[in-house]
Each structure stands twice: as C-alpha cells, then as structure tokens.
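Each chain is listed here by its residues.
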Amino acid sequence: MGNSLDFSWLGDAIKLIGTGAAMTILLVVVTAFLGTLLSILGALGRTSRYPMIRRIVKAYVELIRNTPFLAQLFFIFFGLPSLGIRLNPIVAAILAMTINLAAYGTEIVAAGLAAVPTGQREAAQALGLRPRLVFVKIVLPQALKIIFPALTSQIVIMMLESAVVSQISVRELTYEADLLQARTFLAFETYLVVTLVYLGLSVALRRLMFAGGSKFIFSGQP
Amino acid sequence: MTKFSTLRLTGLAVAALVCGLAFGAAARADALDDITKAGVLKVGVFGDFPPFSSVTSDMSLQGYDIDVAKIVADALKVKLQLVTVTGQNRIPYLTERRADILLSVGHSAEREKVIDFTAAYAPYYIAVIGPKALKVQDKGDLAGKSIAVNRGTLEDTSLTEAAASGADIKRFDNYNAVIQSFLAGQVQLMVVGNDVGAGVLARQVATQPEQKFQLMTSPDHIGLNKNEPRLKQALNDVIAKMLADGTMNTISTKWLNRPLDLKDLKSNGQ
Amino acid sequence: MEFTLWDILRNLLLAARWTVLLSLVAFAGGGIAGLFVLLLRISKRPWLRRAAEMYIGAFQGTPLLMQLFLVFFGLPLLGFRIEAWTAAVVSLTLFASAFLAEIWRGGVEAVPRGQWEAAASLGLHRIRQLRLVVLPQALTIARAPTVGFLVQLVKSTALTSIIGFDELLRTSNAINNATFQPFTVYGLGALIYFCLCFPLTQYARMLERSTVIPK
C-alpha cells in the first residue's frame, strides 16, 4: 500500500464495472416502472371510500418510511423464506426496492392527484365520461405532470440506495466493486472509480427522465 | 512578536516535530515491544464463525479461537482485547495495526505478499454442504447449482477454481449471510469450513443438510504483519507449547468434538 | 447457545444505543458543518457558490454506502487509523452537512427579500444580516424538513453495519446467526428502528402544519 493511488487495474476491470452498471440500470428501470404503478394504487387507496383500505395504506407507508431499506431487504431475503416465500436475489431486490419506492411515491402521487383542479373532473364527467376514464385520461396525466420532478428525485434516490442490494449477492455495480477490491487489495481506488460511475449514472438518469418526461407524458398538455 | 520569541517558538516547534518523528519511528520499531508496552494484545476474530468464534446471549465471544487468544495473551503477559472483523476489513485492520494479530487465517500466496503467518494451530477443511436429497459427490456436480460463499476468503478462491464454469456462485460479505441464505433455501449449497458447517448441521433443519465433499484443507494460522520476527517467534513458541502439552487437544475436543490430529495441521500442496 | 426472546430484545436494545449516539453526533456535526457549507452556497462570490454546489452535488448524487467505503478505506491514506466508528462519524457528518445545507438554503430563500433589506438599512453588513435576522427565520421555516432529515440519518446508520460498526442492524445479523430465527430477530430490530423514527416523523409533520411560510 503505497502513498500514491494505483489505477493500473482499470483496463481489465472495465468489463466487470460495465456489467455491474447494466444490472443497476436494469434494477432501477424495473423498479421505477413497478414502483410508479404501485404508487398510483397506493395514492388511490389513501383516498379510498373504505376506512380499512385507507388504514392499511397508511400503515404500509409509515412502516416503510420509518425503517431502514437494508433491514427491509434482509427481511425479504432471509425472513420471508421461513414463511415459505423464497425469492431469488434479483427478484427480492426488485421487490424490496419497489415496496420502498412506492411508500414515498404514494405520498407524492397523492399530493399530485389532490393538486389537480376539481374543475377538471367535473368537466369530464359533465361530458359523460365514466369515472375510470376520467381518472386515467384526464386526472392522472395532469397529476403525473405536476409531481414528475419529485417522482424523478425519488427514483434517483432509489438508484443510489440500490448499492446495498449487493449485500444479498445481486451482481450489480457495488458487488462487482467489492469483487475487484478483494482481488487487488486496492479498496480506495476501486470505490473511487465506482463512485464516479454512480455519479454519472445519477446525472444521466435525471437528464433522461426529464427529456423522456416532456416527450411522452406532457404531450398535448399546456 | 519580538525576534527572540519567534526564535523560541520555532525552536519549540522543531523540537516537537523531532520528538514526534522519533516517537512515530519508535512506534514502528517492534510490534512485540508495542504490545508489551501497551499491556494489551488486540486479536482480530470473526463474530459469526462458530465454533471458532461466535456470540453468546450477552454478546460476548466464545469459541476455539477465543480460547487460543486467551492463552496467547497470557503467554505474552498482557491483557486480551478481542476485535471483531469481517472478511473485507480484517487484512486492512491488521496492516493498519487496529489489530495486532488475526486468527483463523488460511494461507495463500496472495496473502503471503501482504502479511505473515505463524505455524498452523487449528484444522480447517473447506467443505461443500447441501441438503440430503441433492446429489453432489464431486466438483463436477457443482455445475448448475447455486452456491453461497464468503467473498474474498480461501473458500471463495478454492470454490472459484473448483467450480470453473456453470456454477452459480453467490458471494456474500460475511459468514452470517452465507449460512442464512443456505438455511433460508436461497442457495442450494454452501461452502464453509466443515466445522462451521457442523454447527449448521446440528440444527436439524428440515432439509437434513450434510457434508458432501471436501474441497481442500486449509489449516488456520495466526496472521501478523510482515517484518516482525520477534512477535512471530513468540507466537510460534506459544503454539508449539500448546500442541506439545495437550492444551490444543483439549480445545479441539471441546469445540470440534474430536481430538486434534497433527495431520490436519498440514495443508495439501502448500 | 440458546437465546431467549428477552436475550434477543435486550441485546438489540443495547446495540440501539450506538445507533442513537451515531445519529446524534452526525446530526450535530453535520449541522455545524452544514452551516458553513450554507454560507458558501449563498455567498456573493460565484466560485464559492460553485464549490458548495459541487460539494452538495457529490453527496446527493452518490450512494451513501460508497461514501462510507471511501472514508473507511481513505482514512489510512491520510494517516489515520482505520476504524469503523471514526469512519461512520466522519462519513455521516459530511453526508448530513450537504443535505442540511441544501435544506437550509431552501429556508433562506423563503425568507422575504424585505427582511434582508430591513437588516441592511439597520447598518448590518451581510454576515450579521444573516446571523441576526435571516438565518433564525430560515431555520424556523425549515424546521420540518430538518427533523425529517434526522429520520433519514437514523435509518442511514444501518449502512455502517457493512463496515463493521456494531450498531443495531449488525447486532441483528450476529444474533440471527446464533439463533437462526430471522423473522423474530429482524422483526424486533425493525420494530426498534420504527420506535426511534416514527415519533420524529410525527414531530416533523406537526412542525410542518404549524410552519407559516411568509409570502
């Protein structure tokens, strides 16, 4: 361990870092999609007519938001099997990440739904549209547009949190970094490079989401 | 400030610097002296590695390694301080002198570049463990199976070599995760020391796990920093004494349920 | 080695003390450092602002786990001894300073321009304007997200288990390995985290409701 940093291992490591980053991206994409869906369901549940549903959603949100993600991950991976539910590491990771993202997403989407002027709903219903159509075609897109920045932030946060799923042997970016440094004994250099990769990914993700969002979600809306 | 007091200040500063350097240099002189002077021997052990070291219900440590550590500390006439380590941080802990010695270290050429080893003091066979119903008789049967192992350990390197391609090796950060994922059924097999596995086997898990075959023998040595000949000699003396007067045998019977066979302390091909 | 339910709970509670201690130390340290970063962030000089922006961006754009590893493996390169507690405190303090600076910047920006001008007309120069007039108001406005961040900090301490710090989650792992009862052990562990965080979350909500943001 000298006093200067050693990056000679980088050339051979690019492939491992690449596959790790690809897995991280896969996890985030799937989680963002499923998590947003679950958030919409959760937001609906929060304003449901039935008190029981409202209470269940509230309990779920509070439970997830007040416990560490790593503990939730361990519970799903090591604890659930004793109930007979055995999920492989990638599925367990996506499940944990989705449940976690949706706990925050529920609040965000609910705020967005509440922010859509009631006039919109009334106008649509006056036009004879059925409630479900009103929701999907009129209310939801406007809500998503309002909360898009907040949702994007939450997804980026989830991507950064995904580093811990290496603990249940998912072969994403952090796992590959752990492997590399176990071989080379150059822990600081390895993690420095990988941290920069994460930084790049988070910046890229944010830009991508804003570019994609304005194209697909906001089309047709002022 | 007058010229005289600036001079005095500079003089003090230089003196302090020289003292600091001298002290720093002296601190690097000899680990055995440091240990004796400090009156404490810091021993790095795993916290989740029964029967070598694991926690009791009041979170203190017990096991083969703990007993050995106590005797070594007594022989050096200092107090014992146990430091729990993980596979990832234990070598840095040693080289940065957060621990004076490490226990349960298997020998490898790569490690030899960074640290030094004493003679072997405990047997350690690396074994593949799996449910009774799963047929695994040799390396070839490892293909297509999911196997848990502690990353960066000799179990990891020997498994990676033996399994070549086709085995789904899942590496975890610590023994706890390896054992838990095996017990939870998240992996089909696990590779740990056979005595560590024995603890698991004794738990009467429904799948009736058993030892399938041994990958290699890798007896445990004490790890210490390089260029510490006096410390190494002192440690080797203690180990030799424990082997000769039967103490090690007692410890082996207590924790491994069998007397110590000196053949077990020889590694194959190393 | 047999653990009773009480053994498990007792050991988890003892370990939770470290979680609490680490959270408080990082919050206090991060608060002090965060004020400093805040001053840079709202400085009149562009290059100071930029430096603070990059500092905040670095901590908000990278995983906390990576930050912990960098501090843990980087400390020896700076001549310090490698140590889980030190690395945990340093890393979480830096992490907190970046997030708190950003939260408080939001508070500063919510203070009406008129307050700055009024303070200036009293003959106070910028630092004093900030210290005596604007900052107290900014911090009051930002009370709720500040407490909210403390919750995040408590949860973040769980990651220090990975670098070997013996807090609640690491102890849960150790007990789990000695008892093979993951459901009970992780369940109790999660419950303790919940009991630490939930009251703070509720307090933050209460603060949010009672905070008036000046128009």
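Rules and cut-offs
Residues numbered from 1 in each chain as written. Chains lettered and ligands numbered in written order. Predicted model: local features only at pLDDT ≥ 70, side-chain atom pairs only at ≥ 80, totals over all residues. Helix = DSSP H or I, 4+ residues; strand = E, 2+ residues; numbered from the N terminus. Buried ≥ 20, exposed ≤ 12 C-beta atoms within 10 Å, placed from the backbone. Contact = placed C-beta atoms within 7 Å. Core = buried A, V, L, I, M, F, W, Y, C linked by C-beta atoms within 7 Å. Domains from an automatic or database assignment. Pairing = 2+ DSSP bridges. Nonpolar A, V, L, I, M, F, W, Y, C, P; charged D, E, K, R; others polar. Axes fitted to C-alpha atoms, helices over the stretch in contact; angles between N-to-C directions. Parallel < 35°, antiparallel > 145°, perpendicular 65-115°, else oblique. Left-handed = near helix turned anticlockwise from the far one by under 90°. pLDDT = per-residue confidence, 0-100.

**Student:** Which parts of the structure should I look at to understand the overall build of chain A?
**Tutor:** Each helix and strand counted, chain A has eight helices and zero strands in total. Helices and strands appear in chain A in the N-to-C order α-α-α-α-α-α-α-α. Taken along its principal axes, the extent of the C-alpha atoms in chain A is 75 × 45 × 25 Å.

**Student:** Just checking my understanding: could you explain the overall build of chain C for this structure?
**Tutor:** Of the regular secondary structure elements, chain C holds nine helices and zero strands. Scored against the burial criterion, the 215 residues of chain C give a buried share of 43%. Put simply, of all contacts in chain C between residues at least 6 apart along the chain, 74% involve residues at least 24 apart.

**Student:** How do you make sense of the nonpolar core when you look at a structure like this?
**Tutor:** It is characteristic of soluble globular proteins that their nonpolar side chains tend to be buried jointly. The biggest cluster of nonpolar side chains holds 188 residues, and the ones touching the most others in it are L73(A), V178(B) and M190(B). When residues are assigned to domains, this core turns out to be shared by domain 1 (31-124 + 219-265) and domain 2 (125-217) of chain B, each giving three or more. With sequence-adjacent residues up to four places away left out, M190(B) is seen in contact with I129(B), I147(B), A148(B), V149(B), V178(B), I179(B) and F182(B).

**Student:** Explanation requested: the sheet that holds strand 2 (residues 48-49) of chain B in the structure shown.
**Tutor:** Two orientations exist for strands paired in a sheet by backbone hydrogen bonds: parallel and antiparallel. Residue and element names in this part refer to chain B. Spatial strand order, 2-3-4: three strands in an open sheet with antiparallel pairing. Either end of the sheet is taken by a strand with one partner, and the two such strands are strand 2 and strand 4 (61-62). Alignment of strand 2 against strand 3 (residues 53-55), held across two bridges, turns out to be antiparallel. Residue pairing across strands places D48 opposite S54, the latter belonging to strand 3.

**Student:** Got a minute to help me understand the interface of chain C and chain B in this structure?
**Tutor:** Bring the parts together and some accessible area is lost; that lost area is often taken as the interface size. Each partner contributes residues to the interface: chain C has 18 residues there, and chain B has 20 residues. Of all the secondary structure elements, the ones that give two or more residues to the side of chain C that touches chain B are helix 1 (5-41) and helix 8 (168-179) of chain C. Here the side of chain C that touches chain B takes five residues from helix 8 of chain C, the largest share from any one element. Counted by class, the side of chain C that touches chain B contains 10 nonpolar, five polar and three charged residues.

**Student:** What is the right way to read the interface of chain A and chain C from this model?
**Tutor:** Chain A puts 28 residues into the contact, and the matching count from chain C is 25 residues. For the side of chain A that touches chain C, the element with the highest residue contribution is helix 8 (residues 187-216) of chain A, accounting for 10 residues. Its residues placed into classes, the side of chain A that touches chain C shows 18 nonpolar, eight polar and two charged.

**Student:** What am I meant to see in the packing of helix 3 (residues 69-79) of chain A against helix 4 (residues 89-115) of chain A here?
**Tutor:** When two helices pack together, their arrangement is given by the angle between their axes and by how far apart the axes lie. All names here are of chain A. Contact geometry for helix 3 and helix 4: axes closest at 9 Å, N-to-C directions at 135°. With respect to helix 4, the element helix 3 is oriented oblique. As for how helix 3 packs across helix 4, the hand of that crossing is right-handed. On helix 4, the residues touching F69, Q72, L73, I76 and F77 of helix 3 are P89, A92, L95, A96, I99 and N100. Of the residues in the contact of helix 3 with helix 4, the class split is nine nonpolar, two polar and no charged.

**Student:** Looking at this structure, I do not really get the pairing of strand 7 (residues 116-122) of chain B. What am I missing?
**Tutor:** On any regular strand, side chains alternate: one points to one face of the sheet, the next to the other face. Residue and element names in this part refer to chain B. Of all the seven residues making up strand 7, six are buried; the element is thus mostly covered by neighbouring parts of the structure. Both strand 7 and strand 13 (residues 220-224) contribute to a ladder of four bridges, which runs antiparallel. Bridging from a neighbouring strand, D116 pairs with L224 of strand 13.

**Student:** Explanation requested: the sheet that holds strand 9 (residues 146-150) of chain B in the structure shown.
**Tutor:** Residues and elements named next belong to chain B. Overall, mixed pairing links the five strands, which are arranged 10-9-11-8-12 in an open sheet. Every interior strand has two partners, whereas the edge strands, strand 10 (168-172) and strand 12 (209-217), have only one. Direction aside, neighbouring strands of the sheet carry axes that sit 30° apart on average. In this fold helix 6 (residues 154-163) packs onto strand 8 (125-131), strand 9, strand 10, strand 11 (189-193) and strand 12, with an angle of close to 150° to the strand it touches most, strand 9.

**Student:** Can you walk me through helix 8 (residues 194-201) of chain B in this structure?
**Tutor:** One turn of an α-helix holds 3.6 residues; hence residues three or four places apart share an orientation. Among all positions in helix 8 of chain B, only D195(B), V196(B), G197(B) and G199(B) are buried. On its buried side, helix 8 of chain B packs onto strand 2, strand 8, helix 7 (175-183), strand 11, strand 12 and helix 10 (247-256) of chain B.

**Student:** How do you make sense of the packing of helix 3 of chain A against helix 9 (residues 182-210) of chain C when you look at a structure like this?
**Tutor:** At a minimum axis separation of 10 Å, helix 3 of chain A and helix 9 of chain C run at an interaxial angle of 165°. It follows that helix 3 of chain A is roughly antiparallel to helix 9 of chain C by the angle criterion. Considering how the two elements wind past one another, helix 3 of chain A and helix 9 of chain C form a crossing that is left-handed. Each of A71(A), F74(A), F75(A), F78(A) and G79(A) in helix 3 of chain A lies in contact with helix 9 of chain C, whose residues at this interface are P182(C), F183(C), Y186(C), G189(C), A190(C) and Y193(C).

**Student:** Whenever I open this one, the environment of A177(B) confuses me. Can you help?
**Tutor:** Along the chain, A177(B) falls in helix 7. Separated by 62 residues in the primary sequence, A177(B) and I239(B) place their C-alpha atoms 31 Å from one another. Among all residues touching A177(B), those that are not within four sequence positions of it are Q167(A) and F172(B).

**Student:** Even after reading the chapter, I still don't get the confidence of the model for chain C, so can you show me in this structure?
**Tutor:** Interpreting fine coordinate detail is not advised for predicted regions of low pLDDT. Summary statistics for chain C give a mean pLDDT of 90 and a share of 99% for residues scoring 70 or more. Under the prediction, the complex receives an ipTM of 0.90, its pTM being 0.83.

**Student:** Which parts of the structure should I look at to understand unusual backbone geometry?
**Tutor:** Residue and element names in this part refer to chain B. The residue after P50, namely P51, is reached through a cis peptide bond having omega 0°. Locating P51 in the fold gives a position in the loop between strand 2 and strand 3. For S104, which is not a glycine, the phi torsion comes out positive at approximately 55°. As for its placement among the helices and strands, S104 is situated in strand 6 (residues 101-105). Residue S104 is classed as buried on the basis of its C-beta count, with 26 C-beta atoms lying within 10 Å. Although it is not a glycine, N227 sits at a positive phi angle of roughly 60°. Along the chain, N227 falls in the loop between strand 13 and helix 9 (229-244).

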